[in-house]
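# Working through the structure, step by step
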Amino acid sequence: MARMSADERRESVIRAAIHEFACGGYYGTSTEAIAKRVGVSQPYLFRLFPGKKAIFMAAAGRCLESTRRVFAEAADGLHGEEARSAMGEAYVRLIAEEPEMLQMQLQMYVTVAAAEAAGDHELGELVRAGWLELWDTVGIPLGDVRETTAFMAQGMLINTLSAMGFPSGHRIWHGFPGGVDKAAGAAGPGGGRTV
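What you see is a predicted model; the values in this text were computed from it and never measured.

### Section: the overall build of the protein chain
Within the protein chain one finds nine helices and zero strands. Written out in order from the N terminus, the α and β elements of the protein chain read α-α-α-α-α-α-α-α-α. Among the 195 residues that make up the protein chain, the fraction classed as buried is 44%. Contacts in the protein chain between residues far apart in sequence, at least 24 positions, make up 59% of those at least 6 positions apart.

So, in structure tokens, the structure goes:
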């Protein structure tokens, strides 16, 4: 078996960190748990990243970039309602197939709030910059700031309802366009997964 390069190990750490932080949050996740998931020692982990905060920031950045990429690929060549529908369906698929991405998003927001309350703005700056990239990625094909706001607001409502575990088929999902109901069961506890 070939040895992994430092870049490949770093990638493994980011994937493991997304999983661990999604489940336990920043404060509830140890670097030991991340190192164990990757199969490396903590000293090796700290050769790849200077500390837990750097690992969390890499995981948060990856989560935001992955979501942005999902929107960009879904809307490629589309505009208006077609783009909105394609991006919405792609996002619902993302959180159904990779619930840790939704869980990581929620953990990011909590961690930003806690860090900023303590006077640390570095993570908040990273997350806000990532959110602006998401906003612009959505806004360009939609072509209207109100449509962009509505799309992003609906996405945050989907995140919240999924995280609370409203099961597929629940009346709470009836006001959403088609497809959200299917993801609801997969993304939340009603579908057997938890935040």
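### Structural notes on the pattern of salt bridges
On inspection of all chains with the given rule, the structure shows nine salt bridges. Close ionic contact of Arg-62 with Glu-11 constitutes a salt bridge, the shortest N to O distance being 2.6 Å. Of the two residues, Arg-62 sits in helix α4 (residues 52-75) while Glu-11 sits in helix α1 (residues 6-28), which places them 51 residues apart along the sequence. The class of Arg-62 is partly exposed, set by a relative accessible area of 25%. Across the pair Lys-53 and Glu-122 runs a salt bridge, and its minimum N-O distance is 2.7 Å. With a gap of 69 residues between them, Lys-53 in helix α4 and Glu-122 in helix α7 (residues 122-142) connect regions that are remote in the sequence. Residues joined in a network through salt bridges with shared partners are Glu-11, Arg-15 and Arg-62.

### Things to note about the confidence of the model for the protein chain
Of all residues in the protein chain, 89% have pLDDT values of 70 or greater, and the mean over the chain is 89. For residues 186-195, every residue scores under 50 in pLDDT, and the model assigns this stretch 27 contacts once sequence neighbours within four places are set aside.

### Here's the deal with the side chain of Gln-105
The residue Gln-105 is located in helix α6 (residues 99-117) in this model. Among the residues examined, Gln-105 registers a relative accessible area of 6% and is labelled buried. Residues in contact with Gln-105, not counting those within four places in the same chain, are Cys-63, Thr-67, Tyr-91 and Asn-159.

### Observations concerning the nonpolar core
Of all hydrophobic cores here, the largest spans 53 residues; its most connected members are Val-13, Phe-21, Ile-34, Ile-55, Met-87 and Met-104. Broken down by secondary-structure element, the contributors of at least two residues to this core are α1, α2 (31-38), α3 (42-48), α4, α5 (80-97), α6, α7 and α8 (145-164). Setting aside residues no more than four positions away along its own chain, Ile-55 makes contact with Val-13, Ala-17, Phe-21, Thr-31, Ile-34, Leu-45 and Phe-49.

### Details of the packing of aromatic side chains
Applying the stated criterion across every chain, the model contains six aromatic pairs. Ring centres 5.8 Å apart and planes at 40 degrees place the aromatic pair Phe-71 and Tyr-91 in the tilted group. Linking Phe-71 in helix α4 with Tyr-91 in helix α5, this pair joins segments that are 20 residues apart in sequence. When its relative accessible area of 5% is taken as the criterion, Phe-71 is described as buried. Ring centres of Phe-71 and Phe-151 lie 5.5 Å apart, and the angle between their planes is 75 degrees; this geometry places the pair in the edge-to-face category. Of this pair, Phe-71 sits in helix α4 while Phe-151 sits in helix α8, placing them 80 residues apart in sequence. Among the aromatic side chains, those forming a connected cluster through ring pairs are Phe-21, Tyr-26, Tyr-27 and Phe-56. Stacked on the ring of Tyr-26, the Lys or Arg Lys-52 has its end atom at 4.7 Å from the ring centre.

Calculation criteria
Residues numbered from 1 in each chain as written. Predicted model: local features only at pLDDT ≥ 70, side-chain atom pairs only at ≥ 80, totals over all residues. Heavy atoms only, no water. Helix = DSSP H or I, 4+ residues; strand = E, 2+ residues; numbered from the N terminus. Buried < 20%, exposed > 50% of the residue type's maximum accessible area, 1.4 Å probe, protein only. Contact = heavy atoms within 4.5 Å. Salt bridge = Lys/Arg side-chain N within 4 Å of Asp/Glu carboxyl O. pLDDT = per-residue confidence, 0-100. Core = buried A, V, L, I, M, F, W, Y, C linked by side-chain atoms within 4.5 Å. Phe/Tyr/Trp six-rings, centres within 6.5 Å; stacked < 30°, edge-to-face > 60°. Lys NZ or Arg CZ within 6 Å of the ring centre and 35° of its normal.

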